[in-house]
Amino acid sequence: MSASATSKVVWYARRLRRMSAAEIAWRVREQAVRRAWARRQVRGGQIARLPALTAVLPAGERRFTSPLPAGCAAAVPEDARAAIIADADRLLTGEWEMLGVTRADMERPDWFRDPVTGRRSAPDAYAFSLDQRDETAVGNVKQVWEVSRLQHLTLLAVAWYLTGEDAYAARVADQLTSWCRQNPFLSGINWTSGIELGVRLINFAWIRRLLDDWPGVADLFERNDLTLRQLRWHQEYLAAFESKGSSANNHVIAEAAGRLAASCAFAWFPESTRWRRESLALLERELERNTFPSGINRELASDYHGFVAELGLFAAVEASVAGTPVSDPTWHLLCAMADAMAAVADVRLRPPRQGDSDEGRVVLLDAPEHNRWPALLSLSEAIFGRLDWWPATMKDAGSVLAGALLGEKQQVSGRPSRRPDRFAGAGITILRTGGADSPELWCRCDGGPHGFLAIAAHAHADALSVEVRCDGVDILADPGTYCYHGEPEWRRYFQSTIGHNTAEMDGQWQSVRGGAFLWRRHAQGRELAVADDGDIASWTAEHDGYAALRPPASHVRSVRLDRVARSIQITDEIKGGSHAVRLAFHLGPDVDACLDGSVATLRWTTVHARGTARLTLPGEFLWSLHRAETAPILGWYSSGLGRRVPAWTFLGTGRSTPGNQLTTRLEFVADEDASSEEICGRTALGQVVS
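(A) Structural context of the overall build of the chain. When you go through the chain residue by residue, the secondary structure sums to 18 helices and 25 strands. Radius of gyration (C-alpha) of the chain: 26 Å, near the 26 Å computed for a compact globule of 690 residues. Expressed along its principal axes, the backbone C-alpha trace of the chain runs to roughly 80 × 60 × 50 Å. Taking all 690 residues of the chain together, the buried fraction comes to 60%. For the chain, the computed accessible surface area is about 25,900 Å², with 50% contributed by carbon and sulfur atoms. Charge separation in the chain, taken as the distance between the mean sites of 78 positive and 84 negative side-chain charges, equals 7 Å.

This is how it looks when you write it as structure tokens:
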């Protein structure tokens, strides 16, 4: 058996161990349904021979009833309009960036080719016979799926809506027709994941809405037999194949949100009322299951919090416009998610980097920015209104259009009167400085559970890790995600304990039974104390991720922010006997560093900020400085899928001693001390990034 095949078998065996008996029974049934549906597959050459579509309302009764109100285009801010048109013009020339890869084939995209590996999956293969994790067969599936979400067509439709230039609408019509023709029911890789179908349906709705005044829109949608079939096929699929059990995370929410949006916007089928009722109930139930009462998403992956919030908001707006609004508790939950996003953001409106990130977006109504948090906050403000403590946001096309479609803002009672800094159920605490006299110090402390459901699919082995930023610059950084499939060694590093700012014991990831914690009983964090007296803010927590060691061990960490001294002190204590310990502190890519014994100098310069800090590390350990190493992997930072750059890592090695406390102190010094072009006798990195 090949290494790839062995890895695959191990993956499925580990996942099977995490499933309940009920989930196993459901999956067995689903596999039987998938085999039975093979006879329903439509191949590309069969489309012209399909019988007439009868399970649809008569042509005269198919109307799109939720266009945008008049005058919305004029309300879009000029800078947002200019950015949209610039990106739409790039798309017309065939150029577009997706997940770190600049594509030059967007005039006529190949819906099955991965631009990273060059591999092309079989378009006529039965969807459920394809292994989406097998890169040798399908390439990097995230790249293939991303273009088939059709979000770039939504952006082109926005450009048409703002300008009336037919070239944008014509490109939308050409590529939408191409996709529908080349991806018939259950044929190819783009039918293998319900989350992709859900996101695609929401974009179908917005494309139709934005092109409402275009003369050819009815021929593209309500009078187009192939588009009607696709709308029906998508909703039939999602009604039959619902993510459950250990998969009932953001996937099921995307499936429900997409089906709800389509059944509201395209109520042209006999089942539309039932689909709407079922998907609304599913969305409300799963949003509640996936969200802490504080509004934090239970997957404990910051990027997925934003993705789920966006799914919920767009689906709720669609349902409200259709006259079947979500319930008041669901509006309250969505508002709590928005307030949580505003609360945890740093001064540059950047969210934490906790857990996995795949840069998932729902609808592109604006030119995409790498940090989409400002757009999510602007959208939330248009729907709920802002609180006094919210950071300032700028209107964009998405907030203007979605807000206008909804009409009146949702009035939600019980919103926090002050900016929350602790989300107890999620184990997230933010320590920060305030005021405009000096750059903000921002510190995220992680003392909660690890992920959601049996496999905690998007959590990392990072209990008690911290992130520290100065004026939005990553100083002590979470390393990010980089990849999901295809590069298992890199995937393991970016998930690993040693890849985060925390302690590793006896060479093991944090997990009660040892090994890669995603497949074991997950380490559970527990906050012990959180306090703030104005000048000093502090946090203490512990986790049980090393209870399986012999002797059993636990890790207790305290973080103390001194706002007057502008310093952060981290104190670690290992309880439970003597163990080999590695303590890691990872810097952001903009920070240069040098190490002298156990004292380090840090320096950074960006377009926004410059600064210097002194990092005093525990003298009981032997410290070394690493950067861009591959054997083993160490000293890397990922800003997004498919992107990784070198970054400095401090690695301390030693043994734990019962009762001994390891103290790390990070002191930020005045900006004028950062003027030197040298650091420790060598030229500083001096890299200026946006």
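(B) Examining the sheet that holds strand β7 (residues 473-476) more closely. Taken together, 5 strands build an open sheet; the order of strands is β3-β4-β5-β6-β7 and the sheet is antiparallel. Here the strands that pair on one side only, and so sit at the sheet edges, are β3 (422-423) and β7. Bridge analysis of strand β5 (residues 441-446) against strand β6 (residues 466-470) gives 5 bridges, and the strand direction is antiparallel. Counted as the bridge partner of Trp 442 is Arg 469 from β6.

(C) Local environment of the packing of helix α9 (residues 194-210) against helix α17 (residues 397-406). Contact geometry of α9 with α17 gives a least axis separation of 13 Å together with a crossing angle of 85°. Relative to α17, α9 is oriented roughly perpendicular. Together, Trp 206, Arg 209 and Leu 210 of α9 and Leu 401, Ala 402 and Leu 405 of α17 make up the contact between the two elements.

(D) Up close: the pattern of salt bridges. Counted according to the given criterion, the structure contains 43 salt bridges. Here Glu 97 makes a salt bridge to Arg 643, at a shortest N to O gap of 3.1 Å. With a gap of 546 residues between them, Glu 97 in strand β1 (residues 96-98) and Arg 643 in strand β21 (residues 643-646) connect regions that are remote in the sequence. Bridged by salt links that share partners, the residues Asp 346, Arg 350, Arg 444, Glu 467, Arg 469, Asp 474 and Asp 478 form one connected network.

(E) A look at helix α14 (residues 302-321). Its 20 residues place the ends of α14 29 Å apart at the C-alpha level, agreeing with the 28 Å of an ideal helix rising 1.5 Å per residue. The buried fraction of α14 amounts to 18 of the 20 residues, a majority that puts the element mostly inside the structure. Following α14 by one or two positions, Gly 323 has its phi on the positive side, about 90°.

(F) Inspection of the pairing of strand β15 (residues 599-605) at higher detail. Relative to β15, strand β14 (residues 591-596) runs antiparallel, the two sharing 6 bridges. Bridge pairing in β15 places Leu 595 opposite Ala 600. Hairpin connection between β14 and β15: a loop of 2 residues separates the two successive antiparallel strands, and Gly 597 in this loop has a positive phi of roughly 70°. Examined bridge by bridge, β15 and strand β16 (residues 610-616) share 7 bridges and lie antiparallel to one another. Across the sheet, Val 599 pairs through a bridge with Thr 616, a residue of β16.

(G) A look at the confidence of the model for the chain. In the predicted model, the chain carries a mean pLDDT of 91, and the fraction of residues at 70 or more is 92%. Across residues 672-676, confidence stays below pLDDT 50; counting only partners more than four residues off in sequence or on other chains, it has 8 contacts. Every residue in residues 686-690 scores below 50 in pLDDT, and together they form 9 contacts with partners more than four places removed in sequence or on other chains.

(H) Inspection of the nonpolar core at higher detail. Judged by nonpolar contacts, the single largest core of 148 residues is most densely connected at Trp 206, Leu 211 and Phe 266. Dropping the residues within four chain positions of it, Phe 266 is found in contact with Phe 64, Phe 204, Ala 205, Arg 208, Phe 221, Leu 231 and Ser 272. Membership of the second largest hydrophobic core comes to 44 residues, among which are Val 559, Trp 604, Trp 648 and Leu 662.

(I) Layout of the environment of Thr 433. Here Thr 433 shows up in the loop between β4 (428-432) and β5. Overall, Thr 433 belongs to the buried group, its relative accessible area being 7%. Counting along the chain gives 129 residues from Thr 433 to Asp 562, while the straight-line C-alpha distance between them is 8.7 Å. Those residues within four positions of Thr 433 in sequence are excluded, and the remaining contacts are Pro 439, Glu 440, Leu 441, Leu 561, Arg 563 and Arg 566.

(J) Local environment of the sheet that holds strand β17 (residues 622-627). With respect to topology, 4 strands assemble into an open sheet ordered β8-β13-β22-β17, the strand pairing being antiparallel. Of all strands in the sheet, those bounded by a partner on one side alone are β8 (503-505) and β17. The sheet shows a mean angle of 25° between the axes of neighbouring strands, taken without regard to direction. Across 6 bridges, β17 lies against strand β22 (residues 648-655) in antiparallel orientation. Counterpart to Leu 622 in the pairing with β22 is Thr 653.

(K) Seen up close, the environment of Pro 67. With respect to the helices, strands and loops of the structure, Pro 67 is situated in the loop between α2 (21-36) and α3 (72-75). Classification of Pro 67 as partly exposed rests on a relative accessible area of 32%. Along the primary structure Pro 67 and Ser 187 are separated by 120 residues, whereas in three dimensions their C-alpha atoms are 32 Å apart. Setting aside anything within four residues of it in sequence, one finds Pro 67 in contact with Arg 209, Asp 212 and Leu 405.

Thresholds applied
- Residues numbered from 1 in each chain as written.
- Predicted model: local features only at pLDDT ≥ 70, side-chain atom pairs only at ≥ 80, totals over all residues.
- Heavy atoms only, no water.
- Helix = DSSP H or I, 4+ residues; strand = E, 2+ residues; numbered from the N terminus.
- Rg over C-alpha atoms; globule rule 2.2 N^0.38 Å.
- Buried < 20%, exposed > 50% of the residue type's maximum accessible area, 1.4 Å probe, protein only.
- Areas by Shrake-Rupley, 256 points an atom, 1.4 Å probe, with all protein chains shown as cover.
- Lys, Arg positive; Asp, Glu negative; His and termini not counted.
- Charge placed at Lys NZ, Arg CZ, Asp CG, Glu CD.
- Pairing = 2+ DSSP bridges.
- Axes fitted to C-alpha atoms, helices over the stretch in contact; angles between N-to-C directions.
- Parallel < 35°, antiparallel > 145°, perpendicular 65-115°, else oblique.
- Contact = heavy atoms within 4.5 Å.
- Salt bridge = Lys/Arg side-chain N within 4 Å of Asp/Glu carboxyl O.
- Expected span 1.5 Å × (residues − 1).
- pLDDT = per-residue confidence, 0-100.
- Core = buried A, V, L, I, M, F, W, Y, C linked by side-chain atoms within 4.5 Å.

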